[in-house]
Structure formats: structure tokens, C-alpha cells
Amino acid sequence: MAERPEDLNLPNAVITRIIKEALPDGVNISKEARSAISRAASVFVLYATSCANNFAMKGKRKTLNAGDVLSAMEEMEFQRFVAPLKESLEVYRREQKGKKEARKDKDKKTDSEEQDKSREEENDDDDERMEEEEQNEEEEVDN
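Residues numbered from 1 in each chain as written. Predicted model: local features only at pLDDT ≥ 70, side-chain atom pairs only at ≥ 80, totals over all residues. Heavy atoms only, no water.

**Let's talk about the overall build of the protein**
1) Next: The helix and strand tally for the protein stands at four helices and zero strands.
2) Next: In the protein, the succession of helices and strands from N to C terminus is α-α-α-α.
3) Next: Out of the 143 residues belonging to the protein, those deemed buried represent 10%.
4) Next: Intrachain contacts of the protein at a sequence separation of at least 6 include 35% that bridge at least 24 residues.
5) Next: Per element, the accessible surface of the protein, about 12300 Å² overall, is 49% carbon and sulfur. (Helix = DSSP H or I, 4+ residues; strand = E, 2+ residues; numbered from the N terminus. Buried < 20%, exposed > 50% of the residue type's maximum accessible area, 1.4 Å probe, protein only. Contact = heavy atoms within 4.5 Å. Areas by Shrake-Rupley, 256 points an atom, 1.4 Å probe, with all protein chains shown as cover.)

Encoded structure:
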């Protein structure tokens, strides 16, 4: 766990980017307001994590999962965020599944290429052996 309260703050660059994306162009924010938002965001993350951990503990698990976070959001009375979070989770899962399938396809292609290369090398070795045997037979016939 963090030793100092400052260790729990989110990175300023992340907070600044989120704030800029949320505000219309031309609207500025003071350092004091940015700091307050940063602290509030950190408190929110800690509280959401603690609530999600309670759901994991009820399930006798040590690992928090997406369902725990969604349940925590409902418990914290942030129901209006649950549906968008579920949609984002589905998009994330589809992306991960696509990446996993792409890796499998790449691995299969690599394995297939390696097998082809191995077969070619074996054929080359067989061809060399046959040539050597033919030369040996010719030399025996000459002798």
C-alpha cells in the first residue's frame, strides 16, 4: 500500500488530458481545480476498488473481476454508468478475442512455414544422399 497520500494520486498528465477532453475548447482550468479533480478521482478509484473488493471477498476470491466492478458501481449508486461500462467491456473483450485469434493464426502460419521449411531441408538432404550414393555406385562400377 502507499506510504504517503500523494502516492495515491493519479498522474497529472492523465488528469490534464481527461479534463481537456471533457471541457469545450477555450476553457481553462486552474492548477488548484486540477489538483482537486485529481484528488477526487483518486478517492473515487480507491472507493470503487474497495467496494469491488468486498464483492470479490463475498465470492471467496482474491482477484477482482469486471463483474465486481460493475456491482460496486451499482452499490455506489452510479447505475447510470453501468450500461456504458458494460458496452466498453464488450468492446474490450471483442478486441482481445480478435488479438488472440490473430496471434493463433500467426502461430499456425509460422508453424506451417517451419514445417514446410523442415520438409524442404529433409528433401534436400535426401537428394544429397541419393547423389552421393549414385556417385559411389559409379565409382564402384569403374573399379
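Continuing now.
**With respect to the side chain of aspartate 68**
1) Next: By the secondary structure assignment, aspartate 68 is in helix 3 (residues 66-75).
2) Next: Given a relative accessible area of 5%, aspartate 68 falls into the buried group.

**Re helix 3**
1) Next: Along helix 3, the residues classified as buried are Asp68, Leu70, Ala72 and Met73.
2) Next: Its side-chain oxygen at 3.0 Å from the backbone nitrogen of glycine 67, asparagine 65 defines the N-terminal cap of helix 3.
3) Next: Of the residues flanking the end of helix 3, it is glutamate 77, one or two places downstream, whose phi is positive at about 65°. (Polar contact = N/O pair within 3.5 Å; in protein donor to acceptor, adjacent residues only side chain to side chain.)

**Describing a positive patch on the surface**
1) Next: Together, Lys99, Lys100, Arg103, Lys104 and Lys108 make up a positively charged patch on the protein surface.
2) Next: Inspection of the secondary structure assignment puts lysine 99 in helix 4 (residues 79-142). (Patch = residues over 30% accessible without salt bridge, like charges linked within 9 Å, V, L, I, M, F, W, Y side chains within 5 Å. Salt bridge = Lys/Arg side-chain N within 4 Å of Asp/Glu carboxyl O. Lys, Arg positive; Asp, Glu negative; His and termini not counted. Charge placed at Lys NZ, Arg CZ, Asp CG, Glu CD.)

**Some words on the confidence of the model for the protein**
1) Next: The predicted model of the protein averages 85 in pLDDT, with 87% of residues at 70 or higher.
2) Next: Looking over the protein, one finds the lowest element-wise mean pLDDT in helix 4, namely 79, and the highest in helix 3, namely 95. (pLDDT = per-residue confidence, 0-100.)

**Points about the pattern of salt bridges**
1) Next: The final tally for this structure, using the stated rule, is three salt bridges.
2) Next: The salt bridge involving arginine 17 is made with glutamate 21; its shortest N-O contact spans 4.0 Å. Here arginine 17 and its partner glutamate 21 are both found in helix 1 (residues 12-22), four residues apart, which amounts to about one turn of the helix.
3) Next: The class of glutamate 21 is exposed, set by a relative accessible area of 63%.
4) Next: Notably, a salt bridge pairs glutamate 90 with arginine 93, separated by 3.6 Å at the nearest N-O pair. Of this pair, glutamate 90 and arginine 93 both sit in helix 4, three residues apart, roughly one helical turn.

**Structural notes on the packing of helix 1 against helix 2 (residues 31-58)**
1) Next: At a minimum axis distance of 10 Å, the contact between helix 1 and helix 2 shows a crossing angle of 105°. For the element pair helix 1 / helix 2, the angle class is roughly perpendicular. In this structure, helix 1 uses Asn12, Ile15, Thr16 and Ile19 to contact helix 2, whose residues at the interface are Arg34, Ile37, Ser38 and Ala41.
2) Next: Of the residues belonging to the contact of helix 1 with helix 2, the class tally is four nonpolar, three polar and one charged. (Axes fitted to C-alpha atoms, helices over the stretch in contact; angles between N-to-C directions. Parallel < 35°, antiparallel > 145°, perpendicular 65-115°, else oblique. Nonpolar A, V, L, I, M, F, W, Y, C, P; charged D, E, K, R; others polar.)

**Things to note about the side chain of serine 42**
1) Next: Note on placement: serine 42 falls in helix 2.
2) Next: A polar side-chain atom of serine 42 sits 3.2 Å from the main-chain amide nitrogen of leucine 10.
3) Next: Excluding anything up to four places from it in sequence, serine 42 contacts Leu8, Asn9 and Leu10.

**Examining unusual backbone geometry**
1) Next: A positive phi is found at lysine 60, a non-glycine position, where the angle reads about 55°.
2) Next: By secondary structure assignment, the location of lysine 60 is in the loop between helix 2 and helix 3.
3) Next: Of note, glutamate 77 is a non-glycine position whose phi angle comes to about 65°, a positive value.
4) Next: Within the element layout of this structure, glutamate 77 appears in the loop between helix 3 and helix 4.

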